[in-house]
Amino acid sequence: SYMTKWGSYGSATGMFYNPYAIAADNNGNVFVVDTNNERVQEFTTAGVFERQWGTPGNGVGQFSQPAGIAVDSGGNVYISDQANNRVQVFSNTGVYESQFGGAGSGNGLFNAPAGIAFDTAGNIYVADFLNSRIQEFTSAGVYMAQWGTYGSGNGQFNLPYGIAIDSAGNIYVGDGGNNRIQEFTSTGVYLTQWGGAGSGAGQFNVPAGIAIDASDNIYVADSKNNRIQKFGPCSIPTPTFTQTFINTPDFTPSPTVTCTPAIFAAPTLTPTAFVYTGGEIEVFPNPSSISLDGHVRFRGLPPDTEILIYTISGENVTFDSPGTFEYIWTCVNNRGKKVSPGIYFYIIRPDGMAAVIGKLLLVR
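The structure displayed is predicted, hence computed values, not measured ones.

Calculation notes
Residues numbered from 1 in each chain as written. Predicted model: local features only at pLDDT ≥ 70, side-chain atom pairs only at ≥ 80, totals over all residues. Heavy atoms only, no water. Pairing = 2+ DSSP bridges. Helix = DSSP H or I, 4+ residues; strand = E, 2+ residues; numbered from the N terminus. Axes fitted to C-alpha atoms, helices over the stretch in contact; angles between N-to-C directions. Buried < 20%, exposed > 50% of the residue type's maximum accessible area, 1.4 Å probe, protein only. Contact = heavy atoms within 4.5 Å. Phe/Tyr/Trp six-rings, centres within 6.5 Å; stacked < 30°, edge-to-face > 60°.

1. Some thoughts on the sheet that holds strand S12 (residues 143–147)
Stage number 1. Pairing in this open sheet of four strands is antiparallel, and the strands run S9-S10-S11-S12 from one edge to the other. At either end of the open sheet lies a strand with only one pairing partner, and these are strand S9 (113–118) and S12. On average, adjacent strands in this sheet sit at an angle of 20° to one another, irrespective of strand direction.
Stage number 2. When strand S11 (residues 133–137) meets S12, the two strands line up antiparallel, connected through four bridges. Paired with glutamate 136 across the two strands is alanine 145, which belongs to S12.

2. A look at the environment of asparagine 92
Stage number 1. Relative to the elements of secondary structure, asparagine 92 occurs in the loop between strand S7 (86–90) and strand S8 (96–101).
Stage number 2. Take asparagine 92: its relative accessible area is 24%, and that puts it in the partly exposed class.
Stage number 3. Asparagine 92 sits 61 residues away from phenylalanine 31 along the chain, and the two C-alpha atoms are 8.9 Å apart.
Stage number 4. Those residues in contact with asparagine 92, other than ones at most four positions away along the chain, are Asp25, Phe31, Glu42, Arg51, Gly75 and Val77.

3. A look at the packing of aromatic side chains
Stage number 1. Overall, the coordinates contain 25 aromatic pairs when judged by the stated rule.
Stage number 2. On the basis of an interplanar angle of 45° and a centroid distance of 5.5 Å, the ring pair of tryptophan 6 and phenylalanine 43 is categorised as tilted. Linking tryptophan 6 in the segment before strand S1 (19–24) with phenylalanine 43 in strand S3 (residues 39–43), this pair joins segments that are 37 residues apart in sequence.
Stage number 3. Residue classification places tryptophan 6 among the partly exposed positions, given a relative accessible area of 27%.
Stage number 4. The buried category is assigned to phenylalanine 43, whose relative accessible area is 1%.
Stage number 5. Joined through ring pairs, the aromatic side chains of Phe31, Trp53, Phe63, Phe90 and Tyr96 make up one cluster.

4. Notes on the environment of isoleucine 309
Stage number 1. Mapped onto the elements of the fold, isoleucine 309 is located in strand S24 (residues 296–311).
Stage number 2. Other than its neighbours up to four places away in sequence, isoleucine 309 contacts Phe298, Glu315, Asn316, Val317, Thr318, Trp329, Tyr344, Phe345 and Tyr346.

5. Comments concerning the pairing of strand S13 (residues 160–165)
Stage number 1. The element S13 is extensively covered by neighbouring structure, given that six of its six residues are classed as buried.
Stage number 2. Counted along the chain from S13 to the antiparallel partner strand S14 (residues 171–175), the turn is five residues long, and its residue glycine 169 has a positive phi close to 90°.

6. Structural notes on the pairing of strand S2 (residues 30–34)
Stage number 1. In terms of residue burial, S2 counts as a mostly covered element, since five of its five residues are buried.
Stage number 2. Neither face of S2 is left uncovered, since the one carrying Val30, Val32 and Asp34 and the one carrying Phe31 and Val33 both have all their residues buried.
Stage number 3. Examined bridge by bridge, S1 and S2 share five bridges and lie antiparallel to one another. Counted as the bridge partner of isoleucine 22 is valine 32 from S2.
Stage number 4. Taking the residues that link successive antiparallel strands as the turn, the S1-S2 hairpin has five residues, and the phi of glycine 28 there is positive, at about 90°.
Stage number 5. The turn joining S2 and S3, which pair antiparallel and follow one another in sequence, is formed by four residues; a positive phi near 55° is taken by glutamate 38.

Structure representation (structure tokens):
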């Protein structure tokens, strides 16, 4: 039942400008990632402001589009500093402690890190949004493992954002661009998935944040459907596979399974530098302005190309099939309104060819 609320639009203490993530520690302190104010604010459970930290920038303790947050058992606060491609670590009073990451696609590097989660051993799992993978680190930020590639097959991702871990150590990922939740073991072995594009019960339109309660119920922020969906714990029978049924396990889930797997079959696309015979694709200006005449120009497009542009939370703000050679986006979303300044991601999908994924910075 509803209890209370706090905050309003603005930049003063206790006010917010696009808060994207929230977490609480064992002492009842509530931490909010105030994304477009480039800061973290701390409150009591009653919403009383306690402190804040962070300013715009790329220095120690500064942020550029912070997106995810998690608090470890010792009360340390981990923030995914998305546009700076790093995770920063602070004490629960906002004192900077350390950071890890860096821009790139190698082990331990990031391309727009998003959701963060801890397991019971203190290991850290980060949804590496534009690298289409999950990375695992020690509590000190030392790289351990990763899994996932770009695509829509089992264990692949298209803009993974939210991440959460149940009492058994299984990992759940909000696969936003594929409109599904995928479940993995603690070592990244694929277990199951559910969802599908739509607005019906159990369907999604860009699932983002995920949370799991003490009873292992799963809560999903279904962002474009403007709702929260709740699912019961998954009970997954051990499947056996035969060569005849390549995509479908030859078992029938028990009636108590509440997150029935869905099968997705689509071609795999690997993000890569793409050169068209008419010249290399260009995206400019970048950064661009959201002013009255502001625009982003996509030039050098092959025929039958699709362009999708996403916010840092995985919301698709525009979709178009511009045709051949050039497309101009006027920084207007699919509801006809100017978008806010910040980091955006584009996916260029030439028909039958590899996708191009990149980042846009929009300023006032």
